[in-house]
Amino acid sequence: MANADSISDEEARRLLVEFLRQVEKVLQDVVENPRPTIPGRHHESMRVAWNDVKGNFTVAIDALSPTDPSAKATLEDDLGKRGLTGPQLIFKLNVFRHARENLLDHGTAKDGQEQRKKPRWFARFFRFFSGTLKAADVLLASLAEVPGVGLAVGTIKEFKEAVDSGADLGEAG
């Protein structure tokens, strides 16, 4: 990763696009492999909702990649005002990466399909999964406030929160 003091606005936008793609993969994994993360009664509605939500990743990524110089300057200013450039962005991304890598090292929802009868594995999975979603929320909340990006990211954030709540129900069950 670049030195936090020397990260360009263009690099900040590239890193935010990468972040959104990583969040999409985490959520897609749970949608495709919901058991036992999400209680069975919510599987179908989650899949249907995901079909509505997943296109918002493309919309948000496109909004973070303007070609017009004026739009680019406005976007970069908006990102900076919300702590999504420079050292603040690097710190937030590092926390997200740490949480996500813990999840990947332990195993994702897909890996959990092979671990069904191992409660300790799932207890750790839920902790890592929840930590990843919590770390993602920091960046999603800021992105949701950025004009042109916010509506798409707001929908993603709400879906992520519903998945997180569903995972809490799955863990309790």
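It should be noted that the structure appears before, not after, this text.
Colleague: I'd like a description of the side chain of Lys 160, backed by residues and values.
Modeller: Within the element layout of this structure, Lys 160 appears in helix α8 (residues 150-172). Those residues in contact with Lys 160 that lie beyond four places of it in its chain are Leu 27, Leu 133, Ala 136, Asp 137 and Leu 140.

Colleague: So what's going on with the pattern of salt bridges? Which residues, and what values?
Modeller: Scanning the model with the defined rule gives nine salt bridges in all. We note a salt bridge from Lys 81 to Asp 77, for which the minimum N-O separation is 3.1 Å. Pair noted here: Lys 81 and Asp 77 are both in helix α4 (residues 69-81), with a separation of four residues, about one helical turn. On the accessibility criterion, Lys 81 (63% relative accessible area) is exposed. Since its relative accessible area comes to 40%, Asp 77 is described here as partly exposed. Asp 137 is the salt-bridge partner of Lys 160, the closest N and O atoms lying 3.7 Å from each other.

Colleague: Explain the nonpolar core residue by residue, including any values.
Modeller: Counting residues in hydrophobic clusters, the biggest one holds 50 residues, and the most contacted among them are Phe 19, Leu 20, Leu 64, Phe 129, Leu 143 and Val 163. Those elements giving two or more residues to this core turn out to be α1 (9-32), α2 (43-53), α3 (55-63), α4, α5 (86-106), α7 (119-143) and α8. It is α7 that provides the largest number of residues to this core, a total of 12 residues. Those residues in contact with Leu 20, other than ones at most four positions away along the chain, are Phe 57, Ala 60, Ile 61, Leu 64, Leu 140 and Leu 143.

Colleague: Lay out the packing of α1 against α3 with the relevant residues and their values.
Modeller: Across the interface, α1 lies against α3 with an axial gap of 10 Å and an inter-helix angle of 175°. Our classification of the angle between α1 and α3 gives roughly antiparallel. Facing Val 17, Leu 20, Arg 21, Val 23, Glu 24 and Leu 27 of α1, the residues of α3 in contact are Phe 57, Ala 60 and Ile 61. Of the residues that constitute the contact of α1 with α3, the class distribution is seven nonpolar, no polar and two charged.

About the thresholds
- Residues numbered from 1 in each chain as written.
- Predicted model: local features only at pLDDT ≥ 70, side-chain atom pairs only at ≥ 80, totals over all residues.
- Heavy atoms only, no water.
- Helix = DSSP H or I, 4+ residues; strand = E, 2+ residues; numbered from the N terminus.
- Contact = heavy atoms within 4.5 Å.
- Salt bridge = Lys/Arg side-chain N within 4 Å of Asp/Glu carboxyl O.
- Buried < 20%, exposed > 50% of the residue type's maximum accessible area, 1.4 Å probe, protein only.
- Core = buried A, V, L, I, M, F, W, Y, C linked by side-chain atoms within 4.5 Å.
- Axes fitted to C-alpha atoms, helices over the stretch in contact; angles between N-to-C directions.
- Parallel < 35°, antiparallel > 145°, perpendicular 65-115°, else oblique.
- Nonpolar A, V, L, I, M, F, W, Y, C, P; charged D, E, K, R; others polar.

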